[in-house]
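Fold and contact review
One-letter residues, chain by chain:
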Amino acid sequence: MTLQHLRAEVLAGVTTAFALAPECIAFALVAQLHPLMGLYGAFIICTLTALFGGRPGMVSGAAGSMAVVIVALVVQHGVQYLLATVLLSGLLMAVFGLLQLGKLVRMVPHPVMLGFVNGLAIVIAMAQLEHFKHDGAWLTGAPLYWMAALVAVTMGVVYLLPRLTRAVPPALVAIMGVGLVVSLLNLPTHTLGDMAHIAGGLPVFTWPDIPWNLETLRIIAPYAVLMALVGLLETLLTLNLTDEITESRGYPDRECVALGAANIASGLFGGMGGCAMIGQTVINLNSGGRGRLSGVVAGVMILLFVLFLSPLIEQIPLAALVGVMFVVAQQTFAWASLRVINKVPLNDVLMIVAVTAITVLTDLATAVLCGIVLAALNFAWQQARALYADSHIEPDGSKLYHVHGTLFFASVTSFLQQFDAANDPQHVTLDCAHLSFVDYSAIAALKTLRERYAKAGKQLKVVHLSARCRQLLRRAGVQTVTR
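A short tour of the structure in this document, coming up.

Criteria and thresholds
Residues numbered from 1 in each chain as written. Predicted model: local features only at pLDDT ≥ 70, side-chain atom pairs only at ≥ 80, totals over all residues. Heavy atoms only, no water. Phe/Tyr/Trp six-rings, centres within 6.5 Å; stacked < 30°, edge-to-face > 60°. Helix = DSSP H or I, 4+ residues; strand = E, 2+ residues; numbered from the N terminus. Buried < 20%, exposed > 50% of the residue type's maximum accessible area, 1.4 Å probe, protein only. Core = buried A, V, L, I, M, F, W, Y, C linked by side-chain atoms within 4.5 Å. Contact = heavy atoms within 4.5 Å. Salt bridge = Lys/Arg side-chain N within 4 Å of Asp/Glu carboxyl O. Polar contact = N/O pair within 3.5 Å; in protein donor to acceptor, adjacent residues only side chain to side chain. Axes fitted to C-alpha atoms, helices over the stretch in contact; angles between N-to-C directions. Parallel < 35°, antiparallel > 145°, perpendicular 65-115°, else oblique. Left-handed = near helix turned anticlockwise from the far one by under 90°. Nonpolar A, V, L, I, M, F, W, Y, C, P; charged D, E, K, R; others polar. Expected span 1.5 Å × (residues − 1). Pairing = 2+ DSSP bridges.

1. Topic: the packing of aromatic side chains
Counted by the stated rule, this structure contains seven aromatic pairs. Relative to F419, the ring of Y401 has its centre 4.5 Å away and its plane inclined at 50°; by these criteria the two rings are tilted. Here F419 lies in the loop between α17 (412–416) and β7 (427–431) and Y401 lies in strand β6 (residues 399–407), a separation of 18 residues in the sequence. Here Y401 and F419 have matching classes, each one buried. Feature note: the residues Y401, F415 and F419 constitute an aromatic cluster, connected by ring pairs.

Pasting the structure below:
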């Protein structure tokens, strides 16, 4: 690594840490936990995944999508049960990676990916609006004007500075510059210290103080499965996005194992669970972070904030952090998805909109799963409609059917409608050279067709079956004249 690359990685990590800290504090408060649990989780998960994960440049931490999942558990059973849940969810993540199931992310269609990105961009922007409130009420008067002005200044610096120089990350300059102005002029605006005090010591090994029995497993298992599902989905989708931005290839299975191990370590040292964070990842990439060092620096800086730098960090104005996150939301949103509305099929447009809306209104896991189901139904419908047949009478008086397409549960009806057993000649041949059999419904459809011709006193001959199809027919007990 050259000195220039080393400098870029370190500055990117420092910038990311400034954006990571308030998010993790906010998510800890959402989950009704002590802010230090969010910061400890961010330090452990960010550092370990950066060191051992499969996607350099990607940033993980105590994510909001997972914080929402555990609120009910914390309220009903307390922090110790949460730590046990984090351990179990980490174990599930690691097993997922060891079984090499990370490749399942390929099942996520591109419209679902666009909906995921757009939905998270909106969620990031909406989350910043909470900083325009105080004690649950919207800011008014001078505090509101100062907040809005400082946010605008921050965004202006982030957008304009790259036109002058790229020597330093614009987000870092914006945060430090606005913080310095607020401190020197003593401007009336909220700071990170108003959100929470972050001074603390090193994380301490803590074995969850709970009864280890089946009743405990019954309590924590549903939350652990949901945490693992949400964490894996957000991580793998963010990994795909990072691959696109950096034009390089990550290793999803390795990332899943590292994420699982990091969550186990976080649970053992009193931290929250976490996963990849798309906003902080975008900040890191835009600041020049491409390797493992930027993630390690970000994680270590979080720990330094807690141990030594809390008096300084707590003076950072929230307006500067809000401005940076607004820029991240704007840069994360896939604006290209709006420009292709009239150029892609309507069902793909509806899928993008649906996944975006579900992400905003519910959670990421629900949105992605709904998107995959919608995509699967749409694919099945399109494949069913694509099945067709042509036929002609052979010189010997028999009839030959050529069927094209895929025969599966959704196309069975269309397949059977192609034939006229009552009016066909005595001998009929079905050519399957261009027909694919997919499931048992396809075998049952062929069996039904044979029975129809047998009932009419006619003979059905099936030709050009693939070896796989012949094996399926034999196993299903379908006796058809074939060759």
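2. As for the nonpolar core
Ranked by internal contacts, the top residues of the largest apolar core, which has 93 residues, are F18, L33, L39, F116, L237, I302 and F305. Among the elements that make up this core, the one with the highest residue count is helix α1 (residues 3–30) (eleven residues). Filtering out sequence-adjacent residues up to four positions away, I302 remains in contact with A17, L20, A21, L39, A42 and F43.

3. What to know about the pattern of salt bridges
Enumeration over the complete set of coordinates arrives at four salt bridges. Residue E130 pairs with K133 through a salt bridge whose shortest N-O separation is 3.7 Å. Classification of E130 as partly exposed rests on a relative accessible area of 48%. Owing to a relative accessible area of 26%, K133 belongs among the partly exposed residues under this scheme. With a shortest N-O distance of 3.0 Å, K399 and D424 are connected by a salt bridge. Of this pair, K399 sits in strand β6 while D424 sits in the loop between α17 and β7; the two residues are 25 residues apart in sequence, bridging distant segments of the chain. Given a relative accessible area of 5%, D424 falls into the buried group.

4. Examining the side chain of S287
Inspection of the secondary structure puts S287 in the loop between α11 (278–286) and α12 (292–313). On the basis of relative accessibility, which here comes to 12%, the residue S287 falls in the buried class. Of the polar contacts made by the side chain of S287, one reaches the backbone oxygen of I283; its length is 2.7 Å. Among residues more than four places away in sequence, those in contact with S287 are A8, A12, T15 and P169.

5. Looking at the packing of helix α4 (residues 79–98) against helix α9 (residues 214–246)
At a minimum axis separation of 7 Å, α4 and α9 run at an interaxial angle of 50°. The orientation of α4 with respect to α9, classified from their angle, is oblique. As for the relative orientation of α4 and α9, their crossing is right-handed in sense. Among the residues making up the contact of α4 with α9, the classes are represented as 18 nonpolar, four polar and no charged.

6. Some thoughts on helix α13 (residues 318–332)
Given 3.6 residues to a turn, an α-helix orients residues that are three or four positions apart in the same direction. For α13, which comprises 15 residues, the first-to-last C-alpha distance of 21 Å matches the rise-based estimate of 21 Å (1.5 Å per residue) to within 8%. In terms of burial, α13 is a largely internal element, 13 of the 15 residues being buried.

7. Let's talk about the pairing of β6
Among the nine residues of β6, seven are classified as buried, and the element is accordingly described as predominantly covered. Hairpin connection between strand β5 (residues 388–393) and β6: a loop of five residues separates the two successive antiparallel strands, and G397 in this loop has a positive phi of roughly 90°. Where β6 meets β7, four bridges bridge the pair, whose relative direction is parallel. Residue pairing across strands places L400 opposite T429, the latter belonging to β7. Across three bridges, β6 lies against strand β8 (residues 435–437) in parallel orientation. Counterpart to T406 in the pairing with β8 is S436.

8. Details of the environment of L120
Topologically, L120 is positioned in helix α5 (residues 110–128). For the pair L120 and E234, spaced 114 residues apart in sequence, the C-alpha separation works out to 9.9 Å. Sequence-distant contacts of L120, defined by excluding residues within four places in its chain, comprise E234, I278 and T359.

9. What to know about helix α2 (residues 35–52)
With 18 residues, α2 ought to run about 26 Å at 1.5 Å a step, and its terminal C-alpha atoms sit 26 Å apart, in line with that. Counting buried residues along α2, 15 of its 18 residues qualify, which places the element largely inside the surrounding structure.

10. So, the environment of R106
Along the chain, R106 turns up in the loop between α4 and α5. Residue classification places R106 among the exposed positions, given a relative accessible area of 68%. Distance from R106 to L237, taken between C-alpha atoms, is 9.7 Å for residues 131 residues apart in sequence.

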